Amino acid sequence: MRDPSSAASDVGSHRGSWPALARLIRLGNQTGTLLLLLPTLWSLVLAEHGVPDVRLLGTFVLGSFLMRSAGVVLNDLADREYDRRVVRTQRRPLATGEATPKQAMTIAAALVGSAALLVLTLNPLTLSLSPIAVCLAALYPFAKRFIHVPQAMLGLAFGWGTIMAWAASRGTVELPAWLLFMATVCWAIGYDTIYALQDADDDRRIGVKSSALFFGDFTWLAVGLSLAGMVLLVGAAGWLSGTGPICYGALSVVGALCVRQVRELRRSVNPLRAFELFHQHVWFGSVILGGLVAGFLW
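Just so it is clear, the model here is predicted, and its values are computed rather than measured.

Colleague: Help me get a handle on the overall build of the protein, residues and values and all.
Modeller: Regarding its fold elements, the protein presents 14 helices and zero strands. Each helix and strand of the protein, ordered N terminal to C terminal, gives the series α-α-α-α-α-α-α-α-α-α-α-α-α-α. A compact globule built from 298 residues would reach a C-alpha radius of gyration of about 19 Å, and the protein, at 20 Å, matches this within 12%. Viewed in the frame of its principal axes, the protein has a C-alpha envelope of about 65 × 50 × 30 Å.

Colleague: Let's hear about the pattern of salt bridges: which residues, and what values?
Modeller: A complete count under the given rule lists 13 salt bridges for this structure. Note that Asp79 is salt-bridged to Lys144, the shortest N-O span being 2.6 Å. Of the two residues, Asp79 sits in helix α4 (residues 54–83) while Lys144 sits in helix α7 (residues 124–146), which places them 65 residues apart along the sequence. On the accessibility criterion, Asp79 (2% relative accessible area) is buried. Across the salt bridge formed by Arg145 and Asp79, the nearest N and O atoms sit 3.3 Å from each other. Here Asp79 lies in helix α4 and Arg145 lies in helix α7, a separation of 66 residues in the sequence. Shared partners join several salt bridges into a network, and the residues in it are Arg26, Asp76, Asp83 and Arg92.

Colleague: Tell me about the packing of aromatic side chains, and name the residues and values.
Modeller: Following the criterion strictly, the structure yields ten aromatic pairs and no others. Among the aromatic residues, those joined into a ring-pair cluster are Trp42, Trp187, Tyr191, Tyr195, Phe275 and Phe278.

Colleague: Can you tell me about the environment of Phe158, naming the residues and giving the values?
Modeller: Looking at the secondary structure, you find Phe158 in helix α8 (residues 151–170). Considering only alpha carbons, one finds Phe158 and Gln30, 128 residues apart in sequence, at a separation of 14 Å. In this structure, Phe158 is in contact with Gly32, Leu35, Leu36, Thr184 and Tyr191, ignoring residues within four places of it in sequence.

Colleague: An account of unusual backbone geometry is needed here, citing residue identities and associated values.
Modeller: The backbone of Arg26 sits at a positive phi, close to 60°, despite the residue not being glycine. In this structure, Arg26 sits in the loop between α2 (18–24) and α3 (31–47). The buried category is assigned to Arg26, whose relative accessible area is 15%. The backbone of His49 shows a phi angle near 55°, a positive value even though the residue is not glycine. Structurally, His49 can be placed in the loop between α3 and α4.

Colleague: Let's hear about helix α6 (residues 101–119): which residues, and what values?
Modeller: Think of an α-helix as 3.6 residues a turn; residues three or four steps apart then line up on the same face. With 19 residues, α6 extends 27 Å from end C-alpha to end C-alpha; this agrees with the ideal 27 Å at 1.5 Å per step. All of the buried residues in α6 are Ala104, Ile107, Ala108, Leu111, Ala115, Leu118 and Val119. What you see down the axis of α6 is that its buried residues fit within an arc of 125°, all on one side. Residues Lys102, Thr106, Ala109 and Leu117 are exposed on α6 and point more than 90 degrees away from its buried face.

Colleague: Residues and numbers for the nonpolar core, please.
Modeller: Grouped together as the largest cluster of nonpolar side chains are 65 residues, with contacts concentrated most on Trp42 and Met230. Residue assignment for this core shows that the elements contributing at least two residues are α3, α4, α7, α8, α9 (175–196), α12 (219–241), α13 (245–265) and α14 (271–297). With residues near it in sequence (within four places) discarded, Met230 still touches Trp42, Ala183, Cys186, Trp187, Val254 and Ile288. Within the second largest apolar cluster, 15 residues are counted, among which are Val73, Leu77, Ala99 and Ile107.

Colleague: Any chance you could break down the environment of Ala274 for me, citing the residues and the numbers?
Modeller: Its place among the elements puts Ala274 in helix α14. Separated by 75 residues in sequence, Ala274 and Asp199 have C-alpha atoms that sit 10.0 Å apart. What Ala274 contacts, discounting residues up to four positions off in sequence, is Ile194, Leu197, Gln198 and Val269.

Colleague: Lay out the packing of α7 against α8 with the relevant residues and their values.
Modeller: Across the interface, α7 lies against α8 with an axial gap of 8 Å and an inter-helix angle of 170°. On the basis of the axis angle, α7 is roughly antiparallel to α8. Contact residues: α7 offers Leu125, Thr126, Leu129, Ser130, Ile132, Ala133, Leu136, Ala137, Tyr140 and Ala143, while α8 offers Met153, Leu154, Leu156, Ala157, Trp160, Ile163, Met164, Ala167 and Ala168. Among the residues making up the contact of α7 with α8, the classes are represented as 17 nonpolar, two polar and no charged.

Calculation rules
- Residues numbered from 1 in each chain as written.
- Predicted model: local features only at pLDDT ≥ 70, side-chain atom pairs only at ≥ 80, totals over all residues.
- Heavy atoms only, no water.
- Helix = DSSP H or I, 4+ residues; strand = E, 2+ residues; numbered from the N terminus.
- Rg over C-alpha atoms; globule rule 2.2 N^0.38 Å.
- Salt bridge = Lys/Arg side-chain N within 4 Å of Asp/Glu carboxyl O.
- Buried < 20%, exposed > 50% of the residue type's maximum accessible area, 1.4 Å probe, protein only.
- Phe/Tyr/Trp six-rings, centres within 6.5 Å; stacked < 30°, edge-to-face > 60°.
- Contact = heavy atoms within 4.5 Å.
- Expected span 1.5 Å × (residues − 1).
- Arc of directions from axis to C-beta.
- Core = buried A, V, L, I, M, F, W, Y, C linked by side-chain atoms within 4.5 Å.
- Axes fitted to C-alpha atoms, helices over the stretch in contact; angles between N-to-C directions.
- Parallel < 35°, antiparallel > 145°, perpendicular 65-115°, else oblique.
- Nonpolar A, V, L, I, M, F, W, Y, C, P; charged D, E, K, R; others polar.

This is the structure:
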């Protein structure tokens, strides 16, 4: 058997190493960045009738990466004690000691600071909206301590990008932007409830709140209603913005795929399958984006 002191020494020798810090910001897994970015791109496409400004596109792509990276660091800081007790998360750098809280705070501050520099290139309205994005990102890690559906807070944080994107493009915030914001909240509740199924047993044991626990046997119904709301709200935003029938075809395809997921959720799914279902939502969001663009161009 390996000497525990030797293992501790190994962790100490790798503390703050580049691989540990890369894992801290999930550099090798950008699913979260894409789920944050896609609704923002929906907003830019609708606001600019199919062809977003290249400068704004680059700003929000980079900004999504920076803010999502900062968000996961803040989440791991808040949850490092919980993470040690959950099988899926117990090897995260802060949980193992490979990264220190001070290093994590420094990285988070640098990421948020870099995102702030990007916002300074945008118009005054977008600049005035940006502190809300930071507050939502900072509050989300603590939501699971107080709210039975913390996934809603994730939706608020991710959805705020749609408001900022619309403001950056149009200099105002109109009804379609708010519809996309609500669609993103619904979408996040849906896909993150599926994601939470991976940790349901551990969350129940350690007393963490989760929509997967809150909805229980009706998780399939809650996910179905959330995803239906997302499809309908995106459709309404597209209609108000003047997109064409291809958009509704894409939404119909996504709706059918969501129905298939919900039918599967009526049965028990194992953690691996829950992750696979969650990951499919990147493709769902991409199909919606393609449909919005095509609806304006053809």
